[in-house]
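# Examining the three-dimensional arrangement
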Amino acid sequence: MNSPIKAKPPGGRTDSGIGISRSKMPEPTGKAGQLVSLLEQRLTLGYYAPGEMLSFNTLAEEFGVSRQPVSAAILHLRAAGFVEVIPHVGCRVVVPSPLEVHDFFFISSKIESAVVTLAAERYEDSEGKELLAIKPPEDVSALDAQDKRLAYVAYLDHYHAQIWKMARAPLLEGKISGIRRLSNFYLWQGIPTLAPSAAQKLNRERTAIAKAIVARDAQTAANLMEAHIRHKPALCGITAE
């Protein structure tokens, strides 16, 4: 049985688990699978800077493994859209253009609006109460700190996972779940900190979406979710309105 991999935290940065569903494309097993989880968490939280070079040898040394599991993990993360591999050099954290980010969130907004439509039509009463009970962290004043981002991303995962549960579309969730993680990755990579006013606005929008779902107002929920997703990059200062 493989023992858990633990990184030697550089610069005081720490890693801890995020409650992220793994119902997505198959991941490597063993140490490579553990590396995927750790590196994806770092990438999602903005641990690495946009365009930052990642050395296979440095990662192998940091995690106390050979190059083989590092290579397997990096190839998986490349397929997921987090990094690009440069032959004979290493890999680099992707830097999407503003247009690419705009297009990504435009398409994502269509998908998520369809999901809330299904959720409003299919959920069971107890699930509506569970959705309304999901609250964001009280303190959103310092989301540039890793631990604050960790709590905020965990809240986002819980919120969206509950909506997917209510939508009762597990096959689609397994295929589309990576899009949500990429959206967090793009937003954190694009800004050094999320302004409290923007975070609070987004939290209010999620509350309104939840209330529309619970009211079984599928059209309102879909409209609110589409607008919510589409304006995230502009609200966070990554793209123009």
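The paragraphs below set out a description of the structure included in this document. Nothing here was measured: the structure is a model prediction, and the numbers come from that model.

So, on to the overall build of the protein. Along the backbone of the protein there are 10 helices and 3 strands. Going from N to C terminus, the protein has its helices and strands arranged as α-β-α-α-β-β-α-α-α-α-α-α-α. In the protein, of all internal contacts separated by at least 6 residues, the share reaching a separation of at least 24 is 78%. Element-wise, carbon and sulfur atoms account for 57% of the exposed surface of the protein, whose accessible area totals about 11700 Å².

Let us look at the packing of aromatic side chains. Using the criterion set out here, one finds 7 aromatic pairs in the structure. Aromatic pair Y47 and Y48: ring centres 5.1 Å apart, planes at 75°, arrangement edge-to-face. For the pair formed by Y47 and Y48, the shared burial category is buried. Aromatic pair F82 and F185: ring centres 5.0 Å apart, planes at 70°, arrangement edge-to-face. You can see F82 sitting in the loop between α3 (67-80) and β2 (83-86) and its partner F185 sitting in helix α7 (residues 170-190), a full 103 residues away along the chain. When its relative accessible area of 2% is taken as the criterion, F82 is described as buried. Positioned above the aromatic ring of Y123 is the side chain of R216, whose terminal nitrogen or guanidinium carbon lies 3.8 Å from the ring centre.

In contact at an axis separation of 7 Å, helix α4 (residues 98-122) and helix α6 (residues 146-167) are set at 60° when each is read in the N-to-C sense. In terms of their interaxial angle, α4 and α6 are classed as oblique. Note on packing geometry: the crossing formed by α4 with α6 is left-handed. Contacts between α4 and α6 involve E112, V115, V116, L118, A119 and R122 from the first element and H160, I163, W164, M166 and A167 from the second.

As enumerated under the stated definition, the model contains 4 cavities of 30 Å³ or more in all. Approximately 80 Å³ is the volume attributed to the second largest cavity. Along its surface, the second largest cavity is lined by F105, S108, E112, L156, H160, R180, S183, N184, I229 and K232. Only α4, α6 and α7 provide two or more residues apiece to the lining of the second largest cavity. Across the lining of the second largest cavity, the residue classes break down as 3 nonpolar, 4 polar and 3 charged.

A word on the side chain of H228. The residue H228 is located in helix α9 (residues 218-230) in this model. A relative accessible area of 1% means that H228 is categorised as buried. If we skip the residues at most four places from it in the chain, H228 touches L202, E205, R206 and I209.

Let us now look at the nonpolar core. Ranked by size, the top nonpolar core spans 66 residues in total, and within it Y152, I163 and I213 carry the most contacts. Among the elements that line this core, the one with the most residues is α6, at 10 residues.

With that settled, the discussion passes to the sheet that holds strand β1 (residues 53-54). One open sheet holds the 3 strands; their spatial order is β1-β3-β2, and the pairing between them is antiparallel. A strand with exactly one partner marks an edge of an open sheet, and here the two such strands are β1 and β2. When β1 meets strand β3 (residues 90-93), the two strands line up antiparallel, connected through 2 bridges. Looking across to β3, one finds that M53 is bridged to R92.

In this section: the pattern of salt bridges. Per the counting criterion, the structure on display carries 10 salt bridges. Residues R181 and E40 are paired through a salt bridge, measuring 2.8 Å at the closest nitrogen-oxygen approach. Of this pair, R181 sits in helix α7 while E40 sits in helix α1 (residues 30-44), and the two are 141 residues apart along the sequence. Of the two residues, R181 and E40, neither departs from the other in class, the shared state being buried. With its nearest N and O atoms 3.5 Å apart, the salt bridge here joins E130 to K165. Remark: K165 occurs in helix α6 and E130 occurs in helix α5 (residues 125-132); sequence separation between them is 35 residues. The class for K165 is partly exposed, based on a relative accessible area of 43%.

Procedures and definitions
- Residues numbered from 1 in each chain as written.
- Predicted model: local features only at pLDDT ≥ 70, side-chain atom pairs only at ≥ 80, totals over all residues.
- Heavy atoms only, no water.
- Helix = DSSP H or I, 4+ residues; strand = E, 2+ residues; numbered from the N terminus.
- Contact = heavy atoms within 4.5 Å.
- Areas by Shrake-Rupley, 256 points an atom, 1.4 Å probe, with all protein chains shown as cover.
- Phe/Tyr/Trp six-rings, centres within 6.5 Å; stacked < 30°, edge-to-face > 60°.
- Buried < 20%, exposed > 50% of the residue type's maximum accessible area, 1.4 Å probe, protein only.
- Lys NZ or Arg CZ within 6 Å of the ring centre and 35° of its normal.
- Axes fitted to C-alpha atoms, helices over the stretch in contact; angles between N-to-C directions.
- Parallel < 35°, antiparallel > 145°, perpendicular 65-115°, else oblique.
- Left-handed = near helix turned anticlockwise from the far one by under 90°.
- 1 Å grid on protein atoms, 1.4 Å probe; cavity = no way out; pocket = protein on both sides within 12 Å on 5 of 7 lines; lining within 4 Å.
- Points joined across faces, edges and corners; volume = space filled by probe spheres on them.
- Nonpolar A, V, L, I, M, F, W, Y, C, P; charged D, E, K, R; others polar.
- Core = buried A, V, L, I, M, F, W, Y, C linked by side-chain atoms within 4.5 Å.
- Pairing = 2+ DSSP bridges.
- Salt bridge = Lys/Arg side-chain N within 4 Å of Asp/Glu carboxyl O.

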